[in-house]
Amino acid sequence: MSGSEKRSNLTRRGLLKATGATVGAAALIGGGVLRALGPDEGAFAEEPEDQTKCRVGCCWTCVYCQYEAHVRDGKIVKLSPIEGGSPRGSRMCLRGRSRMRAVYNPNRILYPMKRAGERGEGNWERISWDEAISTIASKWKSYREEFGPRSVAYYWGSGNCAALGSGNFGGLLGRLANVLEMTMVDYCTDMALGYGMARVAGDGMFRNGASLIGNADKVVMWGCNFVDAWWQHWWPLADAMEKGSTRLIVVDPNYSTTASKANMWVSNRPGSDPALLLGIMNYIVENDLHNKEFLLNHSNASFLIRQDTKKILRASDLGILSKEKGDSSVENVSEILDSPIVWDEQSQTTVAYDAAVSPALSGERLVHGIPVKTAFDMLCDELGKYSLERTSELTEVSVDDIRKLAIEESEGEIWNIAGYASQAYDNGAEFGQALATLAILTGTVGRAGSCVGGSWYSFNTNPAFMAPTGTFVNTVPVLSMTDIMDSGQYAGEDYPIKSLFVAAANPMSSGGSSNEILEWWNKIDFIVVSDLQYSDSVKYADIVLPCAHALEVEDVLKGSYYPYVGITEKAVESPAEAKSDSDIARLISVEMGVGEYFEKTDEEYLRELVDESELGLERGITLDRLRVEKDICYDETDIKFYGGVFPTETGRANIYCETVVPRIDWGQELDPDFGHVPTFSLPNEAWPRGEVAKKYPFTLMSHRLRTRWHTGEFENEWMREIAPEPIVKINPSDAIARSIEDNSYVELFNERGHAVVRAIYADDIRPGVLIYPKGWQQCEFKEGGFSEMTSAHCNPFTVNTSFMDVAADIRPWGQGE
Ligand SMILES: Nc1nc2c(c(=O)[nH]1)N[C@H]1C(S)=C(S)[C@@H](COP(=O)(O)OP(=O)(O)OC[C@H]3O[C@@H](n4cnc5c(=O)[nH]c(N)nc54)[C@H](O)[C@@H]3O)O[C@H]1N2
Ligand SMILES: Nc1nc2c(c(=O)[nH]1)N[C@H]1C(S)=C(S)[C@@H](COP(=O)(O)OP(=O)(O)OC[C@H]3O[C@@H](n4cnc5c(=O)[nH]c(N)nc54)[C@H](O)[C@@H]3O)O[C@H]1N2
Ligand SMILES: [Mo]
């Protein structure tokens, strides 16, 4: 390929022609996929001698499965599960199994390209790596000279989350951004759950390893769809359910695939999860079903809270100094500096929290003239607002079901598992905080059979590996980008952003409100995207760099739903001129004059990451061992917060959070009294009210598509046979009321944008809800796109994109103004 290459906006029809996929009902049934896999299977019935095998993995957050790549003549011909391998390698999905299609995608980006014509037109001209890198470096140098280092920004997503991948703290490109003191864009995704839970536990990573799930009597799942999105986690649960040892309760507005497997399904109003949790907790407390022993010994429930300042009453408030301050004569004062104070029933006095014989869980009193009440009472004050009736009104869950849920929550061993949907509303942190508080109230945490939460494991989370300074300098939230581009300011400082480098991300179709993104994006002079496919974001770049596919580099799978660290070997060479993001960072670093920070090879970095990590040192895990053993378990017991010990000041969970800080602080206006205990605020849009309700009466939400990992690898034609085009699911009652026929094209719209897609009648979708499988590029829509309608609204505490908190309407296509 040489000269000027024209790549017009891929139309859906052109794309399907190019990839040779068939469209239509027959393909939907799946026969096409079986046929497609057939020849490969046949070819390997005899395992040819010239075939080599290596261990590879998905570097994605669905999450990090391992499998075998079968290579012949330098080409991957098959990906297969590992017989007798670790738990994350023995089963795999079709999405993973067909991944090599992206390596051999005929539309893959193979050469550096520069834009020819207007941004967004999709016309490209091939250039050399030399020209690409020298253009980037000379532009960056001139911006830096005129506007300072912050004038260049770096945005990374989750396209490749292996240890060296750009999805892991930006990878070596992240290091480059740190060395150059560039602006780092925080992509504000999936953050509310962990942030909210950390208010309670000091850490948002709560959950036990997947293999322990059978120890639970029941799993209660919140806004989470294991079957389609958490495959590795689903099958141990399915096994336990089949044995009859574990029951499943699903809270989801819709009858999701996972709900269809459950023993009990509760359909709540979208965005009402915090209210439901508060109602459940209120019932538990009112009926004396809470775990007092756990509350007293493993939480700060008995701590006295000053009613004047809302702070914990401490030794210094009583004029006593803590031991550390040198006053060893004072009795009953804790080892903790300025110890929290409780009321001891036995001595009828105030004492340090860990010195009380019989601390009071409840009580209001005056201490040294200061009005105080216990943390537990502060929680109960809030819970008291959520009677069964009020909770039922808010959540649209029957009083009976709320009662049933509350009783279920107060008995036996429970895993309360959250996906990332309930936190993708404006009240997402309130959900995380309420869920964690419920687990503390019932004492269902810290045992094999009991845990709460949603995140996965990470072998090494130390970003300092990537950044010599050990910190991220100049981080700004993507949700502030519109303001930053308008004012040139953030947190009172200058951020005159002139250039943006994007890697492993597709903000134009995976971000909140793509039209708003396009607006700030177009105020940036020079945009570079590293990717392997012509994504929506590539479309609006000035230079495109062809990156390697994860199957073309050696890397480490640092995460899993199991406590495992594994290798993903290099299966094949990159085609044409594609390069890994690490090599791209090295090339730029030399031109930018900071090459000395990039002298290590990938192998040396991997050794540092594995061998010298805390867990590597502690457990003797090295890259060499990984190369031999492929996948290593690093924590056999794997119980989160074992014994009810939490990473907080006192080692206890905070059912009262003394200091509520925002996830990212730029001096924004915050309610100082907010968030000490879980609360329920209305969602931003998903609770249509007033004028909005009349204009946009539906809540528009998404779910994960079994055949895709976000928008990555959208051109995998085998998967396109199963899901060939974007659709929206609607309850037939809503559709009929709007004269929408099954399988007809409709227009979804709100004030930010629109999308034209097929509507599918679905009884399993809650009336008032429109739900679409997520992960499409603009070229796949008749018009518009789902991401046009999502919102970039920013909750000032959470600073997280509320992808589900969207109001919209729907009409037959062609009826719009
Ligand atoms: N196949 C596949 N798997 C993936 C991914 C992928 O792209 N493809 N991506 C991975 C990533 S990055 C993530 S973050 C996870 C996400 O994992 P999940 O959060 O489990 O995934 P979703 O499909 O978004 O699940 C959403 C479910 O929440 C429900 N829901 C919507 N609103 C509410 C609400 O207000 N309350 C309650 N209780 N439920 C609600 C929806 O009906 C839906 O069934 O998936 C991971 N796994
Ligand atoms: N409407 C709606 N939007 C959502 C969500 C939702 O539920 N609903 N969920 C949100 C969530 S939870 C997430 S995690 C995000 C995901 O959003 P993103 O992290 O932006 O993920 P993708 O859209 O898949 O874009 C990743 C890009 O990285 C590229 N890529 C893959 N490997 C590499 C590599 O090694 N190097 C480089 N440079 N590029 C690579 C892929 O080709 C792809 O174009 O989407 C968010 N957006
Ligand atoms: Mo995510």
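Every chain is numbered on its own, with residues counted from 1 as its sequence reads. The lettering of chains begins at A and the numbering of ligands begins at 1, in the order of writing. Local features are withheld for residues below a pLDDT of 70 in this predicted model, meaning they are given only at 70 or higher, and side-chain atom pairs are given and counted only at 80 or more; totals for whole chains, interfaces and linings count all residues. The side-chain figures draw on all heavy atoms in the structure; neither hydrogens nor water molecules are used.

Trainee: Before we move on, could you go through the UniProt feature "domain: 4Fe-4S Mo/W bis-MGD-type" (unreviewed entry) in the chain and cite the residues and values that matter?
Mentor: As recorded in UniProt, the feature "domain: 4Fe-4S Mo/W bis-MGD-type" (unreviewed entry) lies at residues 51–107. Counting secondary structure, residues 51–107 comes out at 14% helix and 33% strand; the distance between its end C-alpha atoms is 27 Å. UniProt positions are given in the numbering used here, feature names are shortened, and annotations may be inferred rather than shown by experiment. For helices the rule is a DSSP run of H or I covering at least 4 residues; for strands it is a run of E covering at least 2, with both sets numbered from the N terminus onward.

Trainee: Before we move on, can you summarise helix α14 (residues 388–395) with the specific residues and values?
Mentor: The classification of residues rests on relative accessible area computed with a 1.4 Å probe and restricted to protein chains. Under 20% of the type maximum is buried, over 50% is exposed, and intermediate values are partly exposed. By the burial criterion, the buried members of α14 are L388, T391, S392, L394 and T395. Relative to the axis of α14, the buried residues are bounded by an arc of 165° and lie together on one face. Where α14 is buried, its residues meet α11 (273–286) and α15 (399–409). Count one or two residues on from α14 and you reach E396, which has phi positive near 60°. Here the arc refers to the set of directions running from the helix axis out to each C-beta atom. Any two residues whose heavy atoms approach within 4.5 Å at even a single point are treated as in contact.

Trainee: Describe in detail the site of ligand 2, supporting the description with residues and values.
Mentor: Each residue is tested against the molecule or strand, and it is near if at least one of its non-hydrogen atoms lies within 4 Å. Within the structure, ligand 2 sits among 31 residues, and S158, S510, D531, T711 and Y772 are positioned closest to it. Residues adjacent in sequence count toward polar contacts only when both atoms are side-chain atoms; beyond that, a polar contact is any pair of N or O atoms within 3.5 Å, and within protein one must be able to donate a hydrogen and the other to accept it. Take S158: an N or O atom from its side chain is 2.7 Å from an oxygen atom of ligand 2. In the environment of ligand 2, a nitrogen atom lies 2.7 Å from a nitrogen or oxygen atom belonging to the side chain of D581. Elements that contribute at least two residues to the shell around ligand 2 include exactly β24 (526–531), β30 (698–704) and β34 (769–774). Residue classes in the shell around ligand 2 are distributed as 11 nonpolar, 15 polar and 5 charged. Residue ranges assigned to each domain were obtained from an automatic or database domain assignment. Here the shell around ligand 2 gathers at least three residues from each of two domains, domain 1 (113–190 + 476–549 + 576–610) and domain 4 (690–812). As a working rule, the residues Ala, Val, Leu, Ile, Met, Phe, Trp, Tyr, Cys and Pro are called nonpolar, Asp, Glu, Lys and Arg charged, and the rest polar, with Gly in that last group.

Trainee: Any details on the packing of α11 against helix α13 (residues 375–383)? Residues and values, ideally.
Mentor: For the pair α11 and α13, interaxial distance at closest approach is 9 Å and the crossing angle is 120°. On the basis of the axis angle, α11 is oblique to α13. The interaxial crossing formed by α11 with α13 has left-handed handedness. When α11 is examined against α13, the residues L278, M281, N282 and V285 are found in contact with a partner set consisting of F376, C380 and L383. By residue class, the composition of the contact of α11 with α13 is 6 nonpolar, 1 polar and no charged. Axes, fitted as lines to C-alpha atoms, cover a helix only where it is in contact. Angles between the N-to-C directions of the axes lie from 0 to 180 degrees. Each angle gets one of four labels, with under 35 degrees taken as roughly parallel, over 145 as roughly antiparallel, 65 to 115 as roughly perpendicular, and the rest as oblique. The crossing is said to be left-handed when, going from far helix to near helix, the turn is anticlockwise and less than a right angle, and right-handed when the turn is clockwise.

Trainee: Could you give an account of unusual backbone geometry, with specific residues and numbers?
Mentor: Glycine aside, negative phi is the norm for most residues, and most peptide bonds take the trans geometry. Positioned with a positive phi, D73 is a non-glycine residue whose angle comes to about 50°. Summarising the element assignment, D73 is placed in the loop between β3 (66–72) and β4 (75–80). We classify D73 as exposed; its relative accessible area is 73%. You will see that K310, though not glycine, has its phi angle at about 65°, which is positive.

Trainee: Lay out the site of ligand 1 with the relevant residues and their values.
Mentor: Close contacts around ligand 1 come from 34 residues, with A229, D252, Y420, R704 and R708 the closest. A distance of 3.1 Å separates a nitrogen atom of ligand 1 from a polar atom in the backbone of D228. W230 places a polar side-chain atom, nitrogen or oxygen, 2.8 Å from an oxygen atom of ligand 1. Calculation of accessible area relied on Shrake-Rupley with a 1.4 Å probe; when residues are assessed, cover is drawn exclusively from the protein chains displayed. Burial of ligand 1 by the protein amounts to 98% of the accessible area it has alone, namely 920 Å². Among the elements of the structure, α9 (226–229) and β30 are those that each provide at least two residues to the shell around ligand 1. Here the shell around ligand 1 gets 3 residues from one element, more than from any other, and that element is β30. The residue inventory of the shell around ligand 1, partitioned by class, reads 15 nonpolar, 11 polar and 8 charged.

Trainee: Talk me through helix α7 (residues 171–179); I want residue IDs and the actual numbers.
Mentor: One turn of an α-helix holds 3.6 residues; hence residues three or four places apart share an orientation. Taking burial as the measure, the 9 residues of α7 include 9 buried ones, the bulk of the element. For α7, the full list of buried residues reads G171, L172, L173, G174, R175, L176, A177, N178 and V179. Where α7 is buried, its residues meet α6 (129–147), β7 (152–156), β8 (183–186), β23 (499–503), α21 (581–591) and α22 (602–611). E181 lies just past α7 and shows a positive phi near 55°.

Trainee: How would you explain the pattern of salt bridges if you had to name every residue and give the values?
Mentor: We define a salt bridge as a side-chain nitrogen of Lys or Arg found within 4 Å of a carboxyl oxygen belonging to Asp or Glu. A full pass over the atoms with the stated rule returns 47 salt bridges. One salt bridge in this structure joins R101 and E717, with 2.7 Å as the shortest N-O distance. A residue pair is termed long-range when its members are at least 10 positions apart, and R101 in helix α5 (residues 100–103) and E717 in helix α26 (residues 717–722) qualify at 616 residues.

Trainee: Outline the environment of Q777, supporting the account with residue identities and numerical values.
Mentor: Mapped onto the elements, Q777 comes out in the loop between β34 and β35 (783–784). Relative accessible area serves as the criterion here: at 0%, Q777 is assigned to the buried category. A C-alpha to C-alpha distance of 9.9 Å links Q777 and E715, two positions 62 residues apart in sequence. A polar contact of 2.8 Å, which involves the side chain of Q777, links it to the backbone nitrogen of D536.

Trainee: Lay out the sheet that holds strand β26 (residues 555–557) in plain terms, naming residues and giving numbers.
Mentor: In this analysis, strands are considered paired if DSSP registers two or more bridges between them. Strand order in the open sheet formed by 3 strands is β26-β28-β29, and the pairing between neighbours is antiparallel. The two strands at the open ends of the sheet, each matched to only one other strand, are β26 and β29 (631–633). The average angle at which neighbouring strand axes cross in this sheet is 20°, direction not considered. Inspection of the sheet shows strand β28 (residues 564–568) paired to β29 by 3 bridges, in the antiparallel sense.

Trainee: Describe in detail the sheet that holds strand β10 (residues 247–251), supporting the description with residues and values.
Mentor: Consider a sheet: its strands pair through backbone hydrogen bonds, and that pairing is either parallel or antiparallel. With parallel pairing, 5 strands are arranged side by side in an open sheet as β11-β10-β9-β17-β18. Strands with a single pairing partner mark the edges of an open sheet, and in this sheet they are β11 (264–266) and β18 (451–453). Averaged over all pairs of adjacent strands, the angle between strand axes in this sheet comes to 15°, irrespective of strand direction. Alignment of strand β9 (residues 218–222) against strand β17 (residues 414–418), held across 5 bridges, turns out to be parallel. Bridge pairing links W222 to A418 in β17. Along the sheet face, α15 touches β9, β10, β11 and β17 and points at about 125° away from the line of β11.

Trainee: Give a detailed account of the domain arrangement of the chain, specifying residues and quantitative values.
Mentor: Interfaces are often sized by the accessible area lost when the parts come together. The domain boundaries assigned to the chain delineate domain 1 (113–190 + 476–549 + 576–610), domain 2 (206–302 + 370–455 + 641–671), domain 3 (312–360) and domain 4 (690–812). Taken over C-alpha atoms, the centre of domain 3 sits 56 Å from the centre of domain 4.

Trainee: Summarise the side chain of N731; cite the residues concerned and give the values.
Mentor: Within the fold, N731 resides in the loop between β31 (727–730) and α27 (732–737). If sequence neighbours within four positions are ignored, N731 has contacts with A762, D763, I765, R766 and P767.

Trainee: Give a description of the confidence of the model for the chain that names residues and reports values.
Mentor: Per-chain confidence: the chain averages 90 in pLDDT, with 92% of residues scoring 70 or above. Contacts for the low-pLDDT stretch residues 1–44, under 50 throughout, to residues beyond four places or in other chains number 78 contacts. pLDDT expresses, on a scale from 0 to 100, how confident the predictor is about each individual residue. Note on residues 325–330: pLDDT under 50 across the span, and 6 contacts to partners over four residues away in sequence or across chains.

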